[in-house]
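Now for the letters of each chain:
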Amino acid sequence: MRKPKIRELKEAIISLVSRPYTAKFPAEAHVPFERFRGKPQFNPEKCVGCGACAIVCPAEAIKVEDIINKEGSKRILTHYSGICIFCGQCEANCIADKSGIKLTKEFDIAYFKQEEDCHCVEHELLVCSGCGKLIGAKKHLIWTIKKIGHLSFAQGTLLNINQEILEVKSEIDRKEVKKPLNRTDFFKIVCPQCRRESLLIDESIKS
Ligand code: SF4
Ligand code: SF4
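Residues numbered from 1 in each chain as written. Chains lettered and ligands numbered in written order. Predicted model: local features only at pLDDT ≥ 70, side-chain atom pairs only at ≥ 80, totals over all residues. Heavy atoms only, no water.

## Description of the domain arrangement of the protein
Structurally, the protein comprises domain 1 (34-127) and domain 2 (128-207). Each of domain 1 and domain 2 has a C-alpha centre, and these two points are 29 Å apart. With 16 residues of domain 1 at the interface, the matching set in domain 2 holds 18 residues. Summing both sides of the interface, domain 1 and domain 2 together bury roughly 1,300 Å²; the carbon and sulfur share of this comes to 60%. The tally of links from domain 1 across to domain 2 stands at zero salt bridges. Remark: the boundary between domain 1 and domain 2 carries eight residue pairs in polar contact (both at pLDDT 80 or more). By residue number, the principal contributor to the side of domain 1 that touches domain 2 is strand 5 (residues 118-127), which donates five residues. (Domains from an automatic or database assignment. Contact = heavy atoms within 4.5 Å. Buried area = accessible area lost by both parts, 1.4 Å probe. Salt bridge = Lys/Arg side-chain N within 4 Å of Asp/Glu carboxyl O. Polar contact = N/O pair within 3.5 Å; in protein donor to acceptor, adjacent residues only side chain to side chain. Helix = DSSP H or I, 4+ residues; strand = E, 2+ residues; numbered from the N terminus.)

## Looking at the environment of K178
Topologically, K178 is positioned in the loop between helix 5 (156-165) and helix 6 (192-206). Taking relative accessible area as the criterion, K178 reaches 65% and is therefore assigned exposed. (Buried < 20%, exposed > 50% of the residue type's maximum accessible area, 1.4 Å probe, protein only.)

## Considerations on the nonpolar core
Ranked by size, the top nonpolar core spans 10 residues in total: F42, C47, C53, A54, I62, L77, C90, I101, L103 and V121. Looking at this core, the elements that each hand over two or more residues are helix 2 (52-56) and strand 4 (101-103). Filtering out sequence-adjacent residues up to four positions away, A54 remains in contact with I62 and V64. (Core = buried A, V, L, I, M, F, W, Y, C linked by side-chain atoms within 4.5 Å.)

## Focus: the site of ligand 1
Close to ligand 1 lie 14 residues; C57, C84, C87, G88 and C90 are nearest. Class assignment of the residues belonging to the shell around ligand 1 gives a composition of 11 nonpolar, three polar and no charged. (Near = heavy atom within 4 Å. Nonpolar A, V, L, I, M, F, W, Y, C, P; charged D, E, K, R; others polar.)

## As for the packing of aromatic side chains
With the rule as written, the count across this model stands at four aromatic pairs. Taken together, the ring pairs connect F25, F33, F36 and F107 into an aromatic cluster. Above the plane of the ring of F186 lies R195, whose end atom (NZ or CZ) is 5.5 Å from the centre. (Phe/Tyr/Trp six-rings, centres within 6.5 Å; stacked < 30°, edge-to-face > 60°. Lys NZ or Arg CZ within 6 Å of the ring centre and 35° of its normal.)

See the structure below:
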């Protein structure tokens, strides 16, 4: 048998009197280090429902589901930690000051069922009163109003939201717009296509 070297003997003696390097998890709770990237978590207060985080996610761990119907339309953003690679791109590209979704220090994320593995956030959607096409999440449109300020009064959909914010109207007028559209429909909740139509049809009648 080969004799141990001096260095190995020294390491063996030091390890006898020093604390173990590894943690006693799960007997003792593990404390992640400062910049640890754990499970991302939506903040429903801050998130505006734009869907940018889902677009930039390289693992497609965030799904965006738009449910459009007459009773009320909504967008559901769902994060699946079983697919997530904890890269942090969602947080870095979040338009809501990087706080609509944030990586937490949560690392103990083993689940028995897929349903337990996801968490979601819901947003009200606005759809075109003319053709029923999606316009966007209401909170995202409010975010846009804050960005462009008074310029938002020149756009029909944003004008309607402004009126609600300023309490000129108790709520947004979502009444269906009958086709063919006319110039007054320019100021309703309509998509860009219908807004163009409302102007063009009006001009064509005059000429
Ligand atoms: S951390 Fe990366 S992989 Fe996970 S949801 Fe965010 S962008 Fe997607
Ligand atoms: S506000 Fe941030 S978290 Fe919410 S959908 Fe947009 S990018 Fe994602």
